[in-house]
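Inside the fold
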Amino acid sequence: MKNSGELILASTSSARKALMDGLGLPYRTEAPGVDEHVAASLSAEEAVRSLAARKARAVHERHPGAWVLGADQLVEVGRDVLGKPQDRDAARGQLQRLLGHTHAIHTGVCLVGPGGRLTEAVETTRLTFFPVPPEELERYLDTGEWEGCAGSYRVEGQGQALLAKLEGDRTNVQGLPMLSVVRLFRQAGFTFFTRP
Ligand SMILES: Nc1nc2c(ncn2[C@@H]2O[C@H](COP(=O)(O)OP(=O)(O)OP(=O)(O)O)[C@@H](O)[C@H]2O)c(=O)[nH]1
């Protein structure tokens, strides 16, 4: 049975695209094009839930007959909430906060269906990093993995050499909590393993 309406991933993230490609559902991507500012009073979980819905709704308004999946991610360490670093110096500062400590990655996902029906989830993964000397941190920065990544590391790349412990969904760290994404798709009536 063909899934009704096209599926759009409201994201510019190559990591999210790679995760969706693995699922095998026919889809396309479209940039959400939204302002990602939220009230400072929101918790990290509330912020990613709100922003995932903002991204999905923005694309759904342009394509009301489609299914649209949006996502947003933040890193929480102590009282700090981290997004994507702007430059190498910001990436160094983020990693200095994370190395030798445990932090949480929160990812919100939101699925909006034809007619605007919305389902959502927020998934948290906890990661503990080894403490490493400054010269090793500089060598990791030289890999460039910090670019475009909340928290300035890639858990599926060389960044895994920093990882002492991971509790939760690993794909959630990369950008989409696939256990939750599959649950939302199944609850929406999506069928899998169909021929294109
Ligand atoms: N490959 C990889 N990407 C990561 C990792 N951790 C975080 N990211 C990326 O960091 C980005 C988090 O920033 P967001 O603001 O949620 O998303 P974005 O990159 O702006 O992309 P949009 O979905 O278009 O908003 C996402 O693209 C994640 O895929 C990781 O361990 N590996």
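Residues numbered from 1 in each chain as written. Predicted model: local features only at pLDDT ≥ 70, side-chain atom pairs only at ≥ 80, totals over all residues. Heavy atoms only, no water.

Taken as a whole and judged by the stated rule, the model has 13 salt bridges. Its salt-bridge partner being arginine 28, residue glutamate 6 comes within 2.9 Å of it at the nearest N-O pair. Residue glutamate 6 is located in the segment before strand 1 (7–10), and its partner arginine 28 is located in strand 2 (residues 28–29); the two are separated by 22 residues in the primary sequence. Judged by relative accessible area, arginine 28 falls into the partly exposed class, the value being 29%. Residues aspartate 72 and lysine 55 are paired through a salt bridge, measuring 2.8 Å at the closest nitrogen-oxygen approach. Of this pair, aspartate 72 sits in strand 3 (residues 67–77) while lysine 55 sits in helix 2 (residues 44–62), and the two are 17 residues apart along the sequence. The burial state of aspartate 72 is the same as that of lysine 55; both residues are buried. (Salt bridge = Lys/Arg side-chain N within 4 Å of Asp/Glu carboxyl O. Helix = DSSP H or I, 4+ residues; strand = E, 2+ residues; numbered from the N terminus. Buried < 20%, exposed > 50% of the residue type's maximum accessible area, 1.4 Å probe, protein only.)

Turning to the UniProt feature "active site" (unreviewed entry) in the protein, a few remarks are in order. In the numbering used here, UniProt assigns the feature "active site" (unreviewed entry) to Asp72. The residues contacting aspartate 72, other than those within four sequence positions of it, are Arg16, Glu36, Val48, Leu51, Ala52, Lys55, His106, Thr107 and Gly108. Reaching out from aspartate 72, the side chain makes a polar contact with the side chain of lysine 55 at a distance of 2.8 Å. (UniProt positions renumbered as here; feature names shortened; annotations may be inferred. Contact = heavy atoms within 4.5 Å. Polar contact = N/O pair within 3.5 Å; in protein donor to acceptor, adjacent residues only side chain to side chain.)

Below, the discussion takes up the packing of aromatic side chains. The full count for this structure, using the stated rule, is 4 aromatic pairs. Summarising the aromatic geometry, the rings of tryptophan 67 and phenylalanine 190 are spaced 5.2 Å apart at their centres and angled 70° between planes, so their arrangement reads as edge-to-face. With tryptophan 67 in strand 3 and phenylalanine 190 in the segment after helix 6 (178–187), this residue pair connects regions lying 123 residues apart in the sequence. One exposure class covers both tryptophan 67 and phenylalanine 190, and it is buried. Taken together, a centroid distance of 6.2 Å and an interplanar angle of 50° make the contact between phenylalanine 192 and phenylalanine 193 tilted. Ring-pair connections join several aromatic residues into one group, and the members of that group are Trp67, Phe185 and Phe190. (Phe/Tyr/Trp six-rings, centres within 6.5 Å; stacked < 30°, edge-to-face > 60°.)

Close to the ligand lie 21 residues, the nearest being Ser11, Thr12, Arg16, Lys55 and Gln174. Within the side chain of serine 13, a nitrogen or oxygen atom sits 2.8 Å from an oxygen atom of the ligand. With respect to the ligand, the backbone of valine 155 contributes an N or O atom lying 2.7 Å from an oxygen atom. Computed on the free molecule, the ligand has an accessible area of 640 Å², of which 94% lies beneath the protein chains in the complex. If you list the elements that add at least two residues to the shell around the ligand, you get helix 1 (14–23), strand 3 and helix 5 (170–174). When the residues that make up the shell around the ligand are grouped by side-chain class, the tally is 7 nonpolar, 7 polar and 7 charged. (Near = heavy atom within 4 Å. Areas by Shrake-Rupley, 256 points an atom, 1.4 Å probe, with all protein chains shown as cover. Nonpolar A, V, L, I, M, F, W, Y, C, P; charged D, E, K, R; others polar.)

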